[in-house]
Amino acid sequence: MFTKTKMATALLGLAVSVSGVAQAADLVIAGRDDLMGRALEQSVAAYQAEHPDMDIELLKLPYGSLYEKLVIGMREGDSSFDLVMIDDTWATEFMSQGWLAELNEDRVSQDFIPALTDISRYPVGQGPLYSLPVVGNVAMFAYRSDLMDEPETWSDVIAQGTQLHTAERSGVVFRGTQGNPIVTGFLPMLWAYGGNIVDGDGAVNFDSPETVAAIRDFVSLREIAPRGIEVYNSGEVRDAIQQNKAAMAIEVWPSWVPTMDDPELSQVVNQVEIIPPPGEVNASTPMLGVWQMGVSANAENAVAAEDFLAYFTSADNQRELTLSLGLPPTRSSVYSDAEVVDTYRWYPNQLNALRQGAPRPRINAWQELESIMGDYLQLALLGRITPEQAAQQAHQRMAAAL
């Protein structure tokens, strides 16, 4: 079993000791790097200013490394981490395996967006509370308000995109890259058409008329998208919108949006509206990409962990992180704050998207199912198989995986 000292040594270069003292910490936090890492670092510094005698060790890890370190440690009953940050797609595994401690229900403020605290429970919406939402990521939709009316349905997207499509500016842009990117863009469309990946019992339910209809219209977007859309990822999507090369983007994330109003980077300042994705048969259902934080079931400093978690998710701290770093909050009051809305004009729409959003299926094998679905969606996009074949063959492979 790893001790805290051994774990810190093994992760040398990735660990940031806020106090700088090489000793057993009073609290060890395992979180993400990049923007989320900066948010954690800033919050730890502010928290420690109020608790000067507390030694806090913060590990800022890349996505894959964080998952690997946590899973290996949790399986072995390791107590190296007190507080852990988890992606929404990991939640079912961590909660169902008993790797997270139940949190005090008093931690659930009514200010948290209900859809986000629902997925902090296991089973969703009704079980004990195992985490709190710390990053309010949600997939949004972008369109040029100076060129078109707001699309209410995906049929509107196709119709208006076809009218606006020219050699200089595509009607629509999206991530066509195989795997997670293409699936992430497709899911709100699938749900809007009434399709699902699994049913209420967790069995694969992908081969349906609703799924086929969603795939057929999704594939049709290629005709009004840039050439080479099958290899587009986030950078290409963002550039296409900002450089006036596309009228709509079917999927944008909070971290992509601010530069659209930056005159040094964008040719379409204040001309792009950010809204929840359209509906079709069903109402709009944005895809949630929330990051959560929970206390390890083996935490040696569980009381300190819960106290820091309460501070990190407080309205005041979320407001500061939003204004200083652009970290998407998870509390309704922050989205309604006048200074925040003045800085991020689309935040009222982002709040609506979070309120009506849905998570990816709560199954342990999600990453495998996502990979399979991504393979067949791209084959359909390239015209190598029909939408019917994509739905049927993906269903068969996903059922076998489960």
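One numbering rule holds for all chains: residues counted from 1, following each sequence as written. The predicted nature of this model means local features are confined to residues of pLDDT at least 70 and side-chain atom pairs, given and counted, to a pLDDT of 80 or more, with totals for whole chains, interfaces and linings taken over all residues. The basis for every side-chain value is the complete set of non-hydrogen atoms in the structure, without hydrogens or water.

### Observations regarding the overall build of the chain
The helix and strand inventory of the chain stands at 16 helices and nine strands. A compact globule built from 402 residues would reach a C-alpha radius of gyration of about 21 Å, and the chain, at 22 Å, matches this within 12%. Overall size of the chain, expressed as C-alpha extent along the three principal axes, is 65 × 50 × 40 Å. Every one of the 402 residues in the chain was classed for burial, and the buried ones make up 56%. Partitioning the contacts of the chain with sequence separation of at least 6, the portion at a separation of at least 24 is 75%. Taking the 25 positively charged and 53 negatively charged side chains of the chain as two groups, their mean positions are separated by 5 Å. Secondary structure elements follow DSSP: runs of H or I no shorter than four residues count as helices, runs of E no shorter than two count as strands, and numbering proceeds from the N terminus. Computation of the radius of gyration draws on C-alpha atoms alone. For the globule rule, the value is 2.2 Å times the number of residues to the power 0.38. Here's how the labels work: a residue is buried when its accessible area is under 20% of the maximum for its type, exposed when over 50%, partly exposed in between, all with a 1.4 Å probe on protein chains only. Note on contacts: a residue pair is in contact if any heavy atoms of the two residues lie within 4.5 Å. Here the positive residues are Lys and Arg and the negative ones are Asp and Glu; neither His nor the chain ends is included. Here the site of a charge means NZ on Lys, CZ on Arg, CG on Asp, or CD on Glu.

### Focus: the sheet that holds strand β6 (residues 140-144)
Any two strands are treated as partners once DSSP identifies two or more bridges connecting them. Read across the sheet, three strands follow the order β7-β6-β8 without closing on themselves; strand pairing throughout is antiparallel. Single-partner strands in this sheet number two, and they are β7 (248-252) and β8 (272-275). Averaged over all pairs of adjacent strands, the angle between strand axes in this sheet comes to 20°, irrespective of strand direction. Here β6 pairs with β8 via four bridges, running antiparallel. The residue of β8 that forms the bridge with F141 is I275. The axes are straight lines fitted to the C-alpha atoms, using for helices just the contacting stretch, and the angles between their N-to-C directions are given from 0 to 180°.

### Considering the nonpolar core
I197 and F206 are the most contacted members of the largest nonpolar core, which has 84 residues in total. Only buried residues count toward a nonpolar core, which is a set of Ala, Val, Leu, Ile, Met, Phe, Trp, Tyr and Cys residues joined through side-chain atoms within 4.5 Å. Listed in part, the 50 residues of the second largest apolar core include A25, I29, L83 and V84.

### Some thoughts on the packing of aromatic side chains
In this scheme Phe, Tyr and Trp rings, the latter by its six-membered ring, pair at centre separations within 6.5 Å, and the angle between planes marks the pair as stacked below 30 degrees, edge-to-face above 60, and tilted otherwise. Taken as a whole and assessed by the stated rule, the structure comprises 16 aromatic pairs. Their ring planes at 80° and their centres at 5.8 Å tell us that F141 and W154 sit as a pair that is edge-to-face. Taken together, the residues F141 in strand β6 and W154 in helix α6 (residues 154-164) connect sequence positions 13 residues apart. Of the two residues, F141 and W154, both sit in the buried class. Three or more aromatic residues joined by ring pairs form one cluster here, namely Y63, Y67, W90, F94, W99 and W291. A ring has a charge above it when a Lys NZ or an Arg CZ is no more than 6 Å from the ring centre and no more than 35 degrees off the ring normal. Of note, R331 hangs over the ring of F112, and the distance from its end group to the ring centre comes to 4.4 Å.

### Considerations on the environment of P277
Here P277 is to be found in the loop between β8 and β9 (291-295). Take P277: its relative accessible area is 2%, and that puts it in the buried class. In this structure the C-alpha to C-alpha distance between P277 and G294, which are 17 residues apart in sequence, comes to 30 Å. If we skip the residues at most four places from it in the chain, P277 touches A139, M140, F141, W154, P188, S284 and P286.

### A few points about the domain arrangement of the chain
Each domain span listed reflects an automatic or database assignment of domains. According to the domain assignment, the chain contains domain 1 (21-130 + 291-329) and domain 2 (140-287 + 362-401). Domain 1 and domain 2 are separated by 31 Å when their C-alpha centres are compared. With twelve residues of domain 1 at the interface, the matching set in domain 2 holds six residues. For salt bridges, the criterion is a side-chain nitrogen of Lys or Arg within 4 Å of an Asp or Glu carboxyl oxygen. Where domain 1 packs against domain 2, one counts one salt bridge. In protein, a polar contact requires one atom able to donate a hydrogen and another able to accept it; more generally it is a pair of N or O atoms within 3.5 Å, and residues adjacent in sequence count only if both atoms are side-chain atoms. Applying the counting criterion to the domain 1 and domain 2 interface returns two residue pairs in polar contact (both at pLDDT 80 or more). It is helix α4 (residues 91-96) that provides the largest number of residues to the side of domain 1 that touches domain 2, a total of four residues. Three categories are distinguished: nonpolar for Ala, Val, Leu, Ile, Met, Phe, Trp, Tyr, Cys and Pro, charged for Asp, Glu, Lys and Arg, and polar for the others, with Gly belonging to the last. Of the residues contributing to the side of domain 1 that touches domain 2, the split by class is six nonpolar, four polar and two charged.

### Observations concerning the pattern of salt bridges
Note that side chains of opposite charge can pair when their charged atoms are close. Under the criterion given, the structure shown has 14 salt bridges. Put simply, R144 and D146 hold a salt bridge, and the shortest N to O gap is 2.9 Å. According to the relative accessible area criterion, R144 is buried, its value standing at 4%. Overall, the relative accessible area of 41% leaves D146 in the partly exposed class.

### Thoughts on the side chain of S332
Counting through the fold element by element, S332 comes out in helix α12 (residues 332-336). Contacts of S332, omitting those with residues within four sequence positions, involve D111, I113, L351 and R355.

### As for the side chain of N137
Take N137: it is sitting in the loop between β5 (132-135) and β6. A relative accessible area of 17% means that N137 is categorised as buried.

### Side note on the environment of L321
Relative to the helices and strands, L321 resides in helix α11 (residues 315-325). Once the C-alpha coordinates of L321 and R38 are considered, the two residues, 283 residues apart in sequence, prove to be 9.3 Å apart. The residues touching L321, leaving out its near neighbours within four places in the chain, are A39, Q42, S43, F312, G326 and L327.

### Describing the environment of N352
With respect to the secondary-structure elements, N352 resides in helix α14 (residues 347-356). Distance from N352 to P286, taken between C-alpha atoms, is 9.5 Å for residues 66 residues apart in sequence.

### Focus: the pairing of β6
Burial of β6 is extensive: five of the five residues sit out of reach of the surface. Neither face of β6 is exposed, since M140, A142 and R144 on one face and F141 and Y143 on the opposite face are all buried. Bridge count between β6 and β7: three bridges; the pairing is antiparallel. Its bridge partner lying in β7, Y143 is registered against M248.

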